[in-house]
Amino acid sequence: MKKIFTLMTVAFAAVTASPVLAQENLLQNPTFEEWNTQYDRPEGWLAYDGVFSQVEGTTPDTYAVQWYQTGESKASIIQYVNGLSELTEYTISFDYKITEIASENSFRNWFRWQNADRESISNDNYIGSDLSVMQPDGFLENSSEWRHVTMTVTTPATAASLNCGFRVYGGSTAALANPIMVEGNGGGSGLTDSQAAKTGIYSANGSVYVLSDGVGTVEVYNLLGQLV
């Protein structure tokens, strides 16, 4: 289970006494707390061909978005992240679970780089193995427990935005929580690769959020390096 610590108006945070720089989460409304009741979807997100609802997140008093398919092929939730820099590393992570399994192929992320005109960049221009994790051929594990996914990818030349999409298929119902996109490798947290896979640290709306597996110690420092 993930613990969420909200730390107001601070510049630096530390996990187990190691100072880390909090990075800005580029995704809007990543906590899914803001909900558009007129369109029954999270604020800042687009929703297609499904029924969407706000449910409990990875821990009590947090939120996730849950949805199932009503269209013929899939149901999607999407956010466009604009103002990206080309040839730059970004780390993307999220938590998901399948709350009702109706198919072997239930859920996957589907991310696409776009240019400044919102045109998708050719698959041939993706760098290294990025395409295989951004648009996986297979589906993610049909897990009824929360699973964490993280990837570090690099924007190709001319990339200016990301179509950040998540898809549900086959009549299954899935939930998504804690989507994070930050510039840099491992969220700029200064953690090891194994720690970064389990920990997300980002700032939004004047707060610093630390998402970490299990119970741990969080220390917060101000700009002078003083423990607060």
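Residues numbered from 1 in each chain as written. Predicted model: local features only at pLDDT ≥ 70, side-chain atom pairs only at ≥ 80, totals over all residues. Heavy atoms only, no water.

### A few points about the sheet that holds strand E11 (residues 89–100)
1) Next: A sheet is described by the order of its strands in space; here 5 strands give the open sequence E8-E9-E15-E11-E13, paired in antiparallel fashion. Because the sheet does not close on itself, it has two edges, and the strands there are strand E8 (50–56) and strand E13 (147–154). Each adjacent strand pair in this sheet contributes to an overall mean axis angle of 30 degrees, direction not counted.
2) Next: Here E8 runs beside strand E9 (residues 63–69); their pairing, made up of 7 bridges, is antiparallel. Bridge pairing in E9 links Phe 52 to Trp 67. (Pairing = 2+ DSSP bridges. Helix = DSSP H or I, 4+ residues; strand = E, 2+ residues; numbered from the N terminus. Axes fitted to C-alpha atoms, helices over the stretch in contact; angles between N-to-C directions.)

### Details of the pairing of strand E12 (residues 107–114)
1) Next: Here E12 lies mainly inside the structure; 7 of its 8 residues are buried.
2) Next: Bridge count for E12 against strand E14 (residues 161–168) is 8 bridges, and the pairing is antiparallel. Counterpart to Gln 114 in the pairing with E14 is Ser 161. (Buried < 20%, exposed > 50% of the residue type's maximum accessible area, 1.4 Å probe, protein only.)

### Concerning the environment of Leu 176
1) Next: The residue Leu 176 is located in strand E15 (residues 173–183) in this model.
2) Next: With a relative accessible area of 0%, Leu 176 lands in the buried category.
3) Next: As a C-alpha pair, Leu 176 and Gln 66 span 110 residues in sequence and 6.4 Å in three-dimensional space.

So yeah, pure geometry; function would need other evidence.
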